[in-house]
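Residue strings, one per chain:
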Amino acid sequence: PAMGNNFASVDALASGSQAQDLAGQLDAFFASNGNKADPDALYYLIIGGNEVIEATLATDNALATQLVVAAVRAKETAIHRLVAAGAKIILAPNFIDVGITPQIREAGLSARGRKFSKLHNVLFEKMLDRVERELDFQLIRFDWERWVSVTLATADMLRFTNTTESCLALFP
């Protein structure tokens, strides 16, 4: 958006080069804020899941791994850019196990989804450890994968009636 504070875009990639992707989102944010990040604001960095899904669907393991590695590297670059511009507080959740999602399960790719979700989260945690050592900012980690896992395990208590079928038709 030209104004406001939400620069997220559906189908954005962390490692992509289009205007809707992470680097483009940051460019738009900085352009509308004089190339500065408010040190009193909370920056919520949740992106990279589309690369995990693409990796799960890819048939080439080397390409799939490259997609996940590129997503994590792009998020590291974004954190560096934000902190260099003045950001002091960044909330950075990991990613869910896409192997549990109806679309991936129904495609028979649950194990592959788990593999690339785990790869993302391991690389992501290592990257967060590194930027925490290198940069002067407050990092808030959120284990989104665990939150989803616990929520599904307690679905009956939470009165969820359907945790297996999709509410969206994403794949034909």
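Asks: Quick rundown of the sheet that holds strand E3 (residues 138–142)? Include the residues and the values.
Replies: One open sheet holds the three strands; their spatial order is E1-E2-E3, and the pairing between them is parallel. With partners counted over all chains shown, the strands left at the sheet margins are strand E1 (42–44) and E3, one partner each. Taking each pair of neighbouring strands and ignoring which way they run, the sheet shows an average axis angle of 25°. Note that E1 and strand E2 (residues 89–93) share three bridges and pair parallel. Residue pairing for E2: Tyr43 is matched across the bridge by Ile90.

Asks: Any chance you could break down helix H5 (residues 110–134) for me, citing the residues and the numbers?
Replies: Residues three or four positions apart in an α-helix share a direction because the helix packs 3.6 residues into each turn. The terminal C-alpha atoms of H5 lie 36 Å apart, and with 25 residues this matches the ideal 36 Å at 1.5 Å per residue to within 8%. Within the sequence span of H5, burial applies to Ser110, Arg112, Gly113, Phe116, Ser117, His120, Asn121, Phe124, Met127, Leu128 and Val131. Summarising the contacts, the buried residues of H5 are in contact with helix H2 (49–57), helix H3 (61–84), E2, helix H4 (102–106), E3 and helix H6 (144–153).

Rules and cut-offs
- Residues numbered from 1 in each chain as written.
- Predicted model: local features only at pLDDT ≥ 70, side-chain atom pairs only at ≥ 80, totals over all residues.
- Heavy atoms only, no water.
- Pairing = 2+ DSSP bridges.
- Helix = DSSP H or I, 4+ residues; strand = E, 2+ residues; numbered from the N terminus.
- Axes fitted to C-alpha atoms, helices over the stretch in contact; angles between N-to-C directions.
- Expected span 1.5 Å × (residues − 1).
- Buried < 20%, exposed > 50% of the residue type's maximum accessible area, 1.4 Å probe, protein only.
- Contact = heavy atoms within 4.5 Å.

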